[in-house]
Amino acid sequence: MNDVTVCVVLYQSGRFVAGLVDSLVRQTQAPVACVFCLNDGDESVVPQLRRVPGEIDILRPGHNIGFAAGMNLCLRKVRTPYVLVLNPDVVLDADFVAIAVSAISVPGLAAVGGKILKLHDGPPTIDSTGLTMQPWWRWVDRGHGMPDRGQFDRAGPVLGLCAAAVLYDYRALEQVQEHGQFFDEEFRIYKEDVDLSLRLRDLGRGLWYEPRARAFHARGFAYGDRRRMPAEIRRVSLRNRYLL
């Protein structure tokens with residue numbers, strides 16, 4: 001069975017929902033279930049979310065509990081072999097799910113990520129082709145901000161995967177979770193995907209980059225643009241670097 005559940009945490013994401021949903025509807029391999037966590041309680045997005053094929057589960061925690069905790073609520077609902085974790089500001093190519101499922105069928109892999117490009121009207125620009133570590137223990141998205149000229153068109157293992165769009169083997173997630181936490185909730189937001197990548201690798205499982213699986217990511221803030229970030233987000237991002 002290659003069934004896939006999609007999990008998405010939403011917070012002030014209304015302007016992106018139509019694009020996300022349209023791309024899920026177009027998938028050549030449709031998800032059998034989708035779990036959405038409304039961290040801001042915005043019920044106006046619910047009719048759009050219900051357009052996605054398959055079983056729909058909408059969680060309402062009552063307040064903003066952060067990405068990690070919201071995603072953990074979603075992941076506890078999963079009953080399929082694979083789970084696709086998505087940010088709400090992502091749009092997928094129509095064959096993303098099918099390609100990722102084919103790639104993750106290789107024994108020993110825990111997760112597959114694709115080529116994530118910036119969601120904008122300009123020339124193709126890379127958002128993430130996996131996570132890599134700089135010498136001073138700063139984890140960054142590989143290739144971020146570079147023009148896409150095919151320099152990352154070779155599939156292969158990576159150190160980590162950006163959780164904006166990742167297909168996980170759910171059994172691997174179950175092996176690394178602790179007390180129902182797949183993503184460590186101490187991170188709340190930022191770097192939680194790095195932490196999960198490290199734990200999956202410690203398990204001896206591989207992380208794979210598959211460039212044929214393409215996604216497009218709006219991303220609220222770009223590297224080098226930290227002055228636009230609220231001070232609290234900058235503080236959490238810096239703190240989480242040292243939690244790893």
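So, here's what we can say about the structure. Fair warning: this is a prediction, and the values are worked out from it, not measured in the lab.

About the criteria used
Residues numbered from 1 in each chain as written. Predicted model: local features only at pLDDT ≥ 70, side-chain atom pairs only at ≥ 80, totals over all residues. Heavy atoms only, no water. Salt bridge = Lys/Arg side-chain N within 4 Å of Asp/Glu carboxyl O. Helix = DSSP H or I, 4+ residues; strand = E, 2+ residues; numbered from the N terminus. Buried < 20%, exposed > 50% of the residue type's maximum accessible area, 1.4 Å probe, protein only. Pairing = 2+ DSSP bridges.

What follows covers the pattern of salt bridges. With the rule as written, the count across this model stands at 12 salt bridges. The closest approach of N and O atoms between R60 and E43, which form a salt bridge, is 2.6 Å. Here E43 lies in the loop between strand 2 (33-38) and helix 2 (46-49) and R60 lies in the loop between strand 3 (55-59) and helix 3 (67-75), a separation of 17 residues in the sequence. For R60, a relative accessible area of 45% corresponds to the partly exposed category. E210 is the partner of R212 in a salt bridge, and the nearest nitrogen-oxygen pair spans 3.1 Å. With a relative accessible area of 52%, R212 lands in the exposed category. Among the charged side chains, a network of salt bridges with common partners joins K115, D148 and D153.

Note on placement: D195 falls in helix 6 (residues 192-202). Given the relative accessible area of 11%, D195 is considered buried.

Our focus in this paragraph is the pairing of strand 6 (residues 109-118). Among the 10 residues of strand 6, 10 are classified as buried, and the element is accordingly described as predominantly covered. Taken together, the nine bridges between strand 6 and strand 12 (residues 206-217) define a ladder with parallel strand orientation. From the neighbouring strand, V112 faces strand 12, where its bridge partner is W208. Inspection of the sheet shows strand 6 paired to strand 11 (residues 165-169) by three bridges, in the antiparallel sense. Bridging from a neighbouring strand, G113 pairs with V166 of strand 11. Sheet analysis places strand 6 next to strand 7 (residues 126-128), joined by two bridges and oriented antiparallel. Looking at the pairing, I116 lines up with S128 of strand 7.

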